[in-house]
Amino acid sequence: MHKDEIKGVGKQAKGAVKDAVGGLTGNEKMQAEGKLDKAAGKIQQKVGEAKDAARDALKR
């Protein structure tokens, strides 16, 4: 597992919390930030997965 995968999952979790809290409190800015954090985390996770796949392919 690549470090980007781990960081990406963390960003997704942080974003989910911000999204939920923003929704509960009516804070649209926080909710939007949460959605952005989740999207950025998903991208970072996919980059980490691609790096892992490339590294594995090179080992073969």
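The model shown is predicted, which means the values in this text are computed figures rather than measured ones. Residue positions are counted from 1 within each chain, in the order its sequence is given. Only residues with pLDDT of at least 70 are given local features in this predicted model, and only at 80 or more are side-chain atom pairs given and counted; all residues enter the totals for whole chains, interfaces and linings. Excluding hydrogens and water, the side-chain values take into account all heavy atoms of the structure.

### Things to note about the pattern of salt bridges
Should a side-chain nitrogen of Lys or Arg be within 4 Å of a carboxyl oxygen of Asp or Glu, the pair is scored as a salt bridge. On inspection of all chains with the given rule, the structure shows seven salt bridges. Note that K38 and D19 form a salt bridge whose closest N and O atoms lie 3.0 Å from each other. In this pair, K38 sits in helix α2 (residues 28-59) while D19 sits in helix α1 (residues 3-25), placing the two residues 19 residues apart along the sequence. Note on K38: relative accessible area 30%, which makes it partly exposed. Per-residue accessibility, obtained with a 1.4 Å probe over protein chains only, is compared with the maximum for each type, and a residue is labelled buried under 20%, exposed over 50%, and partly exposed between these values. Relative accessible area serves as the criterion here: at 10%, D19 is assigned to the buried category. R55 is the partner of D52 in a salt bridge, and the nearest nitrogen-oxygen pair spans 2.0 Å. In this pair, D52 and R55 are both assigned in helix α2, three residues apart and thus about one turn of the helix distant. What emerges from the salt-bridge pattern is a single network uniting K18, E33 and D37. A run of H or I in DSSP becomes a helix once it reaches four residues, and a run of E becomes a strand once it reaches two; helices and strands are each numbered from the N terminus.

### Quick look at the packing of α1 against α2
Interaxial distance between α1 and α2 falls to 7 Å at its minimum, and their mutual angle equals 165 degrees. With respect to each other, α1 and α2 are oriented roughly antiparallel. Between α1 and α2 the crossing geometry is left-handed. Amino acids are sorted into nonpolar (Ala, Val, Leu, Ile, Met, Phe, Trp, Tyr, Cys and Pro), charged (Asp, Glu, Lys and Arg) and polar (every other residue, Gly among them). Residue classes in the contact of α1 with α2 are distributed as five nonpolar, 11 polar and 15 charged. Every axis corresponds to a line fitted to the C-alpha atoms, with the helix fit spanning only the stretch in contact, and the corresponding angles, defined between N-to-C directions, vary from 0 to 180 degrees. Note on terminology: angles under 35 degrees are roughly parallel, angles over 145 are roughly antiparallel, angles of 65 to 115 are roughly perpendicular, and the others are oblique. Each crossing gets its handedness from the near helix: less than a right angle anticlockwise from the far helix is left-handed, clockwise is right-handed.

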